[in-house]
Amino acid sequence: MNRRAFLLGTAGLCASLAGCASGDNAAEQPTASTETETASATPIETPRRPRLVGRSLTPVRADACPADGALATETETGFSVVGCVSGATECTIARLARADYDAESDTATLVVEAVERTDVKNCTESPVVRGYEATLRFESGLPGRAVVVHNDADGRREVARIDTDA
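Because the structure is a prediction, the values reported are computed rather than measured.

Enquirer: Pulling in residues and values, what's your account of the packing of aromatic side chains?
Expert: According to the stated counting rule, one finds two aromatic pairs in the structure shown. Between the aromatic rings of phenylalanine 79 and phenylalanine 138, the centroid separation amounts to 6.1 Å while the plane-to-plane angle is 85°, which identifies the pairing as edge-to-face. Taken as a pair, phenylalanine 79 in strand E3 (residues 78-87) and phenylalanine 138 in strand E6 (residues 128-139) lie far apart in primary sequence, 59 residues in all. According to the relative accessible area criterion, phenylalanine 79 is buried, its value standing at 2%. For phenylalanine 138, a relative accessible area of 6% corresponds to the buried category. Aromatic side chains tyrosine 101 and phenylalanine 138 sit 6.0 Å apart centroid to centroid with 80° between the ring planes, which places their arrangement in the edge-to-face category. Taken together, the residues tyrosine 101 in strand E4 (residues 92-102) and phenylalanine 138 in strand E6 connect sequence positions 37 residues apart. Tyrosine 101 sits in the buried class, given a relative accessible area of 18%. Among the aromatic residues, those joined into a ring-pair cluster are Phe79, Tyr101 and Phe138.

Enquirer: Please give an account of the state of the cysteines that cites residues and values.
Expert: Scanning all chains against the criterion turns up two disulfides. Cysteine 91 shares a disulfide with cysteine 123; S-S distance 1.6 Å. Across the S-S bond of cysteine 91 and cysteine 123 the torsion is about -95°, and the bridge reads as left-handed. Here the residue cysteine 91 occupies a position in the loop between E3 and E4, and cysteine 123 occupies one in the loop between strand E5 (107-116) and E6, the gap between them amounting to 32 residues. For cysteine 91, a relative accessible area of 6% gives the class buried.

Quick notes on the rules
- Residues numbered from 1 in each chain as written.
- Predicted model: local features only at pLDDT ≥ 70, side-chain atom pairs only at ≥ 80, totals over all residues.
- Heavy atoms only, no water.
- Phe/Tyr/Trp six-rings, centres within 6.5 Å; stacked < 30°, edge-to-face > 60°.
- Helix = DSSP H or I, 4+ residues; strand = E, 2+ residues; numbered from the N terminus.
- Buried < 20%, exposed > 50% of the residue type's maximum accessible area, 1.4 Å probe, protein only.
- Disulfide = S-S within 2.5 Å.

Quick look at the structure:
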């Protein structure tokens, strides 16, 4: 049984019995317990913030790469990014370095980096472009902004930004 509800009910019963026993003047005066019950029954709602619940990166063909390095689009549950990173050797792969959400700035950040595979020897030093498709999935709404950063042979730089309508 809910102890708080039981105690409030008992207090209300005692207050009503006391009013009946003391006469008409006591019944006309408001009791403090009625005001307390109303104030404690009203929940205080806190605003819900988006919560990052999923992230993924899948290699794709480099011929689908946008000219600016990456293209970010808003989806119903998050963001989708198609992009390409550049590497110095044929053993370069695209890897998800970081995906997070900063509630204070209301910004989701996706960092994709180009790294050399460690399980392969004798890689030819030849510039290469590696394509990827990445997704960020959220609950409780979308962030106000999403930023895509590449960290590859061309350095670290922001390659896409999208502001939501939220």
